[in-house]
Every structure is written in C-alpha cells, then in structure tokens.
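Observations on the three-dimensional arrangement
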Amino acid sequence: MIKFAVIGDPIAHSLSPAMQNAGIRALGLDAEYFAEHVKHDDLREFTERARRGLAGFNITVPHKNAVIPFLDGISKEAEVAGSVNTVTVENGRLYGDTTDGFGLAMALREAFSFEVENGRIAFIGCGGAAHAAAAFFASRKAGRIFLINRTVSKAEELAEKLRSAYGTEVEVCAMNDREKIAPFLKQSDVAIQCTSLGLAPGDPSPVDPALLPATLRIYDTIYKETALSRACAQRGIPFANGLAMLLHQGARSLEIWTRKPAPVEAMREALYKAYAERQAHS
C-alpha cells in the first residue's frame, strides 16, 4: 500500500485526511493518507523514515520552513517563499514544493472570478501563507502586490525577494499606517487576510473596516466567522473564507504525487462534510 501523510504541531485538527482519502478512493488507488504529530526536534527522524516508507507528505504549521534543511531539493517558488507544504519521495530522495499559492489562486477564481495575471493583490499579514501565495502570484505575473504587515522590515524582506526573483511591483506599509492602507486597498482588486486575528472569539478585524472600499473583494484564510467577515457582510463587500484554498492546495499535492488529475469534487464533498461535522461539535 502507498502511504502519504500530513505532519504538523498540532495536527489533530487537520481536515486533510478526510479530503485526501476521498481523492485516493476516487482515483482507485491502493493508498492511504494519515496525520502524524511531529514536533520540531523530530523533523530529522521523520524525514529519514519518510525516505523509506512514504510516497509523499504535506507539511503544515509550524514546519513549512523548518523542514527545508532536511530535503534534497526545492522548487524556485518554494525557495522564494521560504516555505514548503508538499514533499514528493522518489528513490529515497525528498523534493519540496509549495501548493499554497496555487490553492489560493484557484479559490479566488471560484469565489470572485479573479485571475492573478495583471491582478492587484493586497496581503494583510506577511506570515508563511502570505509568503507562499505572494511568491506564486509574482511568478504568475501579478500586476502589483501590496504587503501590509505589523513588522515593516519583514514585509520589505519579502518584497525584495519578489522584486529580485520576478521583477514584480511591490509596495509595503505597516498595519497601523492608515494613510497608506487606505490607498493600498483602494488600488487592489482583492485583499487576502493572512493574520491569525479571528482564530480567537474576541479578536478584532486586522484593519479598520471603515478603510475597506466597496469595490474590494476579501478572502480570509481563516475558515470561521470573524470580525472581518461580519464587517464585510454588513457593508455588502464580497467575502470568502479559506476552505476552498485548503481544497485546491490539497488537490494539487495529490496531482503532484500521483501524476493524475485530482478528483476535486469528491475531495470537496468530503472536506465540506468533515468541516460541517467539526463545526457541529465545536
């Protein structure tokens, strides 16, 4: 039996096994996909086992960067992003890639009919998900990227990577710089919320909702209802959450491993069912 895995710390919450096993069944493969809790200090031991026992694995927080030294090679996109979420095992060698940007691009196409090429995108927060997505968008000829982050130096570091690797136009500002945020958002076609604000019940919106123009479309990488999603609903601003991004990044991983088109609708049905069950019990 072929084995695939997803690792993280924590990992019990992952919806990926339900989604990926549905995809595996739809493809008729003799395979299984499971979640394994791996701590930072155990990454070396896990990757050595993976060389012998797995055909591929996904990585979620907080290991997307930390796993890189244990791999034999990574894609240019993963190198620019400093992030790997998909590893393929071939002849005992580990090759890393990132499908997060692809997943987000497909989710934006579904939700808003938005195409990355020549598009103008604002990222609110510059953590791992933003790095991966911004690198993908830059590689696909995004028109302009705006980075809004609490720590400007970190945003500028990412901006310089995108400029030098792809020649992309990138502008940066601080999360509390209202004078810059307003025009950044006004010039953007879509804004991607990449901070952790919204995971806790009382979290505020990462940006003042009054700064959101009616022309903007907002995608939140968090799945649940947040202060930002409520503000968008009140103001009639088009909004979508991160579930479709999870679907499409996972589908792309399965395609990389199997070299077969992913059964996206079977995976979507299983993912949304698992998510609904999780919500019902939370």
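Reading the values: rules and limits
- Residues numbered from 1 in each chain as written.
- Predicted model: local features only at pLDDT ≥ 70, side-chain atom pairs only at ≥ 80, totals over all residues.
- Heavy atoms only, no water.
- Helix = DSSP H or I, 4+ residues; strand = E, 2+ residues; numbered from the N terminus.
- Contact = heavy atoms within 4.5 Å.
- Expected span 1.5 Å × (residues − 1).
- Buried < 20%, exposed > 50% of the residue type's maximum accessible area, 1.4 Å probe, protein only.
- Core = buried A, V, L, I, M, F, W, Y, C linked by side-chain atoms within 4.5 Å.
- Salt bridge = Lys/Arg side-chain N within 4 Å of Asp/Glu carboxyl O.
- Pairing = 2+ DSSP bridges.
- Axes fitted to C-alpha atoms, helices over the stretch in contact; angles between N-to-C directions.
- Polar contact = N/O pair within 3.5 Å; in protein donor to acceptor, adjacent residues only side chain to side chain.
- Parallel < 35°, antiparallel > 145°, perpendicular 65-115°, else oblique.

We now examine the side chain of S16. In this structure, S16 sits in helix 1 (residues 16–27). The contact partners of S16, leaving out residues within four places of it in the chain, are V6, Y33 and L246.

Between the first and last C-alpha of helix 4 (residues 100–112) there are 18 Å, a value that for 13 residues agrees with the 18 Å anticipated at 1.5 Å per step. Buried within helix 4 we find D100, G101, G103, L104, A105, A107, L108 and F112. S113 sits one or two residues past helix 4 and shows a positive phi near 55 degrees.

A few words now on unusual backbone geometry. In this chain, D9 is followed by P10 through a cis amide linkage whose omega measures 10 degrees. Tracing the backbone shows P10 in the loop between strand 1 (2–8) and helix 1. Of note, the bond from V61 into P62 is cis; its omega dihedral lies within 30 degrees of zero at 5 degrees. You can see P62 is positioned in the loop between strand 3 (56–59) and strand 4 (73–74). The backbone phi angle of N91 is positive, close to 50 degrees, even though this residue is not glycine. Inspection of the secondary structure puts N91 in the loop between strand 5 (86–90) and strand 6 (93–97). Taking the relative accessible area as the measure of exposure, N91 reaches 84% and is therefore exposed. Of note in this structure, S113 is not a glycine but carries a positive phi near 55 degrees. Considering the arrangement of structural elements, one finds S113 in the loop between helix 4 and strand 7 (120–124).

Counting 36 residues, the largest nonpolar core has F123, F137, L147 and Y219 as the members making the most contacts within it. Per-element tally for this core: the top contributor is helix 5 (residues 128–139), with eight residues. Leaving out residues up to four positions away in the same chain, L147 has contacts with F123, C126, A155, L158, A159, V170, E171, V172, C173 and F184. One finds L15, Y33, L247 and A274 within the second-largest nonpolar core, a separate group that totals 19 residues.

A separate point is the pattern of salt bridges. For the structure shown, the criterion picks out 19 salt bridges. Notably, a salt bridge pairs E45 with R49, separated by 2.7 Å at the nearest N-O pair. Residue E45 and its partner R49 are located together in helix 2 (residues 43–53), separated by four residues, close to a single helical turn. Salt-bridge contacts for E90 lead to R259; the nearest nitrogen and oxygen are separated by 2.6 Å.

What follows concerns the pairing of strand 6. Residues L94 and G96 point to one face of strand 6 and are all buried, whereas R93, Y95 and D97, pointing to the other face, are not buried. With two bridges connecting them, strand 4 and strand 6 associate as parallel partners. By the bridge assignment for strand 6, G73 is matched with Y95. For strand 5 and strand 6, the ladder comprises five bridges, and the chain directions are antiparallel.

Looking now at the sheet that holds strand 12 (residues 239–240). One key point about sheets: their strands pair by backbone hydrogen bonds, in either a parallel or an antiparallel sense. A sheet is described by the order of its strands in space; here six strands give the open sequence 9-8-7-10-11-12, paired in parallel fashion. Of all the strands in the sheet, just strand 9 (170–174) and strand 12 have a single pairing partner and so form its edges. Across the sheet, helix 6 (residues 152–166) touches strand 8 (144–149) and strand 9, and the angle it forms with strand 9 is around 175 degrees.

On to the side chain of D100, then. Within the element layout of this structure, D100 appears in helix 4. Given a relative accessible area of 6%, D100 falls into the buried group. In this structure the side chain of D100 is engaged in a polar contact, spanning 2.7 Å, whose partner is the side chain of K64.

On to the packing of helix 4 against helix 5, then. The interhelical angle for the contact between helix 4 and helix 5, taken along N-to-C directions, is 75 degrees, at an axis separation of 7 Å. The angle between the axes of helix 4 and helix 5 places the two elements in the roughly perpendicular class. Residues D100, G101, F102, L104, A105 and L108 of helix 4 pack against A132, A133, F136 and F137 of helix 5.

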